[in-house]
Amino acid sequence: MAQYDVIIIGAGPGGYVSAIRCAQLGLKTAVVEGRETLGGTCLNVGCIPSKALLHASHMLHEAEHNFASMGLKGKAPSVDWKQMKSYKDDVIGQNTSGIEFLFKKNKIDWIKGWATIPAAGKVQVGDETHDAKNIVIASGSVASSIPGVEVDNDGKVVVDSTGALDLPKVPKKLVVIGAGVIGLELGSVYARLGSEVTVVEYMDAVCPGMDADVQRSFKRILEKQGLNIITGAAVKGVEATKSKAKVSYALNKKPDDVEVLDADVVLVATGRKPFTDGLGLEALGVQMTQRGQIATDAHWKTSVDGIYAIGDVIEGPMLAHKAEDEGMAVAEVIAGKHGHVNYGVIPGVVYTTPEVATVGQTEAALKAEGRKIKTGKFMFMGNARAKAVHQAEGGFVKLIVDAETDRILGAAIIGPAAGDMIHEICVSMEFGASAQDIALTCHAHPTYSEAVREAALACGDGPIHS
Ligand code: NAI
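Residues numbered from 1 in each chain as written. Predicted model: local features only at pLDDT ≥ 70, side-chain atom pairs only at ≥ 80, totals over all residues. Heavy atoms only, no water.

## Some details on the domain arrangement of the protein chain
Link 1 in the chain: Looking at the assigned domains, one finds that the protein chain contains domain 1 (3–143 + 273–334), domain 2 (158–270) and domain 3 (348–458).
Link 2 in the chain: Measuring from the centre of the C-alpha atoms in domain 1 to the corresponding centre in domain 3 gives 30 Å.
Link 3 in the chain: Facing seven residues of domain 1, the contacting portion of domain 3 comprises four residues.
Link 4 in the chain: Summing both partners gives a buried area of about 520 Å² for domain 1 against domain 3, and 61% of it is carried by carbon and sulfur.
Link 5 in the chain: The largest per-residue losses of area from domain 1 upon contact with domain 3 belong to Lys51, Leu54 and His58, which jointly make up 51% of the total buried on that side.
Link 6 in the chain: In the side of domain 1 that touches domain 3, the residues fall into two nonpolar, three polar and two charged. (Domains from an automatic or database assignment. Contact = heavy atoms within 4.5 Å. Buried area = accessible area lost by both parts, 1.4 Å probe. Nonpolar A, V, L, I, M, F, W, Y, C, P; charged D, E, K, R; others polar.)

The structure is reproduced here in structure tokens:
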């Protein structure tokens, strides 16, 4: 068997990016992947297919709600769900084959199958054992459910995000458990396609971890779009037949009053857990955290020499781009360079319409630390471009800065293209910029980005358009 410098286990965004970086740095690299196609959860059953469905359903929403006012007359299109799914599958195919092309271009071997690590320096796939000076575990995560709820993606009634991307038809009634990123993105898709969507969330707000003003505005916007969101409610159980389900829940304030929701489909979106099955980590003595993640040091080294881990299997936000950054950084560490990830500047994006994007620390967390801060907020109602695309209502840019130095510590954006605009703030934070630096930078007119500049102006002498 070939002797590799690095074998990476898993071809998701963490693993495939790491492999490309390793190859670029001159390391002989292979990736073990058991799926039929490369790209992991993100490309096959996560980020990419959901974005295709979000785009298609947004187009329908525009046709139904905004075309007439823009002088585009005629009957709104109807949904051909089979075709929409095949468009989604085509988008997946283009992206997964793109990774295969990149592997060939960079001379990375794809070892097909599921890996076990019998010992440091050895990776077994089926009957074959391969030698590797370094092993990087990038095996990702799987959806986790809650007690009393059994997911059965094949049954198509109680599903996780994978099942929800491939339903046989658009359900009449969809109940979503969990108002996190997955619940709200896929809840939005089906609400736009005509489902009656009810989201049940345990916490008192959507998207736990965001600032309260962001959560409130986001919830209001989603409710206006037709999502019924019940917060502060714990799901007690789901009873499913072959074609229907009943979801019982109780408000945390009234735990004894159990309510029941009827559903054609239930989407369980209550988080994900690291996927390490079959790797043989226990026998190897790889140290795990209490939450079932692989424990690593600051250079992504596990407790066993020569074995590294990155992405959803280790600590930190379960985000494709966090895994990608770690993938590049660990490649550099293995190649003897200085790989680094700034965990303080990792954006988070919810791809609804409008999008929600955050970076850095929240206002609440900084206040809890006793840090002296000020905030600059600018509503998209004052942004000409957002008004032109019907996305001005309810959204805003909020910059959170140090009260004395004006240095940017965090930000949140609810608005059109928020997921792209957040990067202006990310780069600013990487350079230790102040709000004034953004305020003094000329921003093209008319753009959504002007709202970022206005929020920066709001940290100083005041914004112009509010
Ligand atoms: P999440 O952690 O974002 O949200 C789960 C939600 O379920 C939380 O709000 C939680 O309070 C709620 N919950 C838990 N138990 C409950 C119960 N018994 N009853 C009612 N609500 C309950 O997890 P999600 O949405 O499943 O996503 C999984 C991971 O995938 C996350 O780490 C997320 O960041 C990532 N992801 C990121 C995307 C993006 O960046 N756009 C898209 C999709 C997923």
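## Details of helix 1 (residues 13–24)
The periodicity of an α-helix, 3.6 residues per turn, causes residues three or four places apart in sequence to face the same way.
Link 1 in the chain: Compared with the 16 Å implied by 1.5 Å per residue over twelve residues, the 16 Å span of helix 1 between its first and last C-alpha is a close match.
Link 2 in the chain: Among the twelve residues that make up helix 1, ten are buried, leaving the element largely enclosed by the rest of the structure.
Link 3 in the chain: Looking one or two residues past helix 1, glycine 26 carries a phi angle of roughly 90 degrees, positive in sign. (Helix = DSSP H or I, 4+ residues; strand = E, 2+ residues; numbered from the N terminus. Expected span 1.5 Å × (residues − 1). Buried < 20%, exposed > 50% of the residue type's maximum accessible area, 1.4 Å probe, protein only.)

## Some remarks on the site of the ligand
Link 1 in the chain: Neighbouring residues of the ligand: 22 residues in total, closest Ile182, Glu185, Glu201, Gly271 and Val349.
Link 2 in the chain: Within the backbone of valine 235, an N or O atom sits 3.4 Å from a nitrogen atom of the ligand.
Link 3 in the chain: Note that an oxygen atom of the ligand is positioned 2.9 Å from one of the backbone N or O atoms of glycine 271.
Link 4 in the chain: Computed on the free molecule, the ligand has an accessible area of 850 Å², of which 78% lies beneath the protein chains in the complex.
Link 5 in the chain: Looking at the shell around the ligand, the elements with two or more residues in it are helix 6 (181–192) and strand 12 (233–240).
Link 6 in the chain: Per-element accounting of the shell around the ligand gives the leading share, three residues, to helix 6. (Near = heavy atom within 4 Å. Polar contact = N/O pair within 3.5 Å; in protein donor to acceptor, adjacent residues only side chain to side chain. Areas by Shrake-Rupley, 256 points an atom, 1.4 Å probe, with all protein chains shown as cover.)

## Some details on the sheet that holds strand 14 (residues 258–263)
Link 1 in the chain: On the basis of which strands lie adjacent, the open sheet formed by three strands has the order 12-13-14 and antiparallel pairing. Where the open sheet ends on each side, the last strands, each with one partner, are strand 12 and strand 14. Neighbour-to-neighbour, the strand axes of the sheet open up by a mean angle of 25 degrees, direction not taken into account.
Link 2 in the chain: Where strand 12 and strand 13 (residues 245–251) come together, seven bridges link them in antiparallel fashion. Each residue of the ladder has a partner; that of glutamate 239, found in strand 13, is lysine 246. (Pairing = 2+ DSSP bridges. Axes fitted to C-alpha atoms, helices over the stretch in contact; angles between N-to-C directions.)

## Examining the sheet that holds strand 10 (residues 196–200)
Link 1 in the chain: Spatial strand order, 8-15-9-10-11: five strands in an open sheet with parallel pairing. The open sheet has two edge strands, strand 8 (158–159) and strand 11 (228–230), and neither has a second partner.
Link 2 in the chain: Bridge count for strand 9 (residues 173–177) against strand 10 is five bridges, and the pairing is parallel. Residue pairing in the sheet places valine 175 in a bridge with threonine 198 of strand 10.

## Section: helix 3 (residues 47–65)
Link 1 in the chain: If you check helix 3, its first and last C-alpha atoms are 26 Å apart, about what 19 residues at 1.5 Å a residue would give, namely 27 Å.
Link 2 in the chain: Considered for burial, the residues of helix 3 that qualify are Pro49, Ser50, Ala52, Leu53, Leu54, Ala56, Ser57, His58, Leu60, Glu62 and Ala63.
Link 3 in the chain: Buried residues along helix 3 sit in contact with helix 2 (40–45), helix 4 (81–105) and helix 6.

## Some words on the pattern of salt bridges
Link 1 in the chain: Here the structure, examined in full by the defined rule, presents 17 salt bridges.
Link 2 in the chain: Taking the shortest distance from any N to any O, the salt bridge between aspartate 213 and lysine 377 comes out at 2.9 Å. Taken together, the positions of aspartate 213 in helix 7 (residues 212–224) and lysine 377 in strand 20 (residues 373–379) put the pair 164 residues apart, joining distant regions of the chain.
Link 3 in the chain: A relative accessible area of 35% places lysine 377 in the partly exposed class.
Link 4 in the chain: Residue lysine 224 is joined to glutamate 393 by a salt bridge in which the shortest nitrogen-to-oxygen separation is 2.3 Å. Of the two residues, lysine 224 sits in helix 7 while glutamate 393 sits in the loop between helix 11 (384–388) and strand 21 (396–402), which places them 169 residues apart along the sequence. Summarising the burial analysis for this pair, lysine 224 and glutamate 393 share the class exposed.
Link 5 in the chain: Each member of the salt-bridge network shares a partner with another, and the members are Asp211, Asp213, Glu363, Lys367, Lys377 and Lys398. (Salt bridge = Lys/Arg side-chain N within 4 Å of Asp/Glu carboxyl O.)

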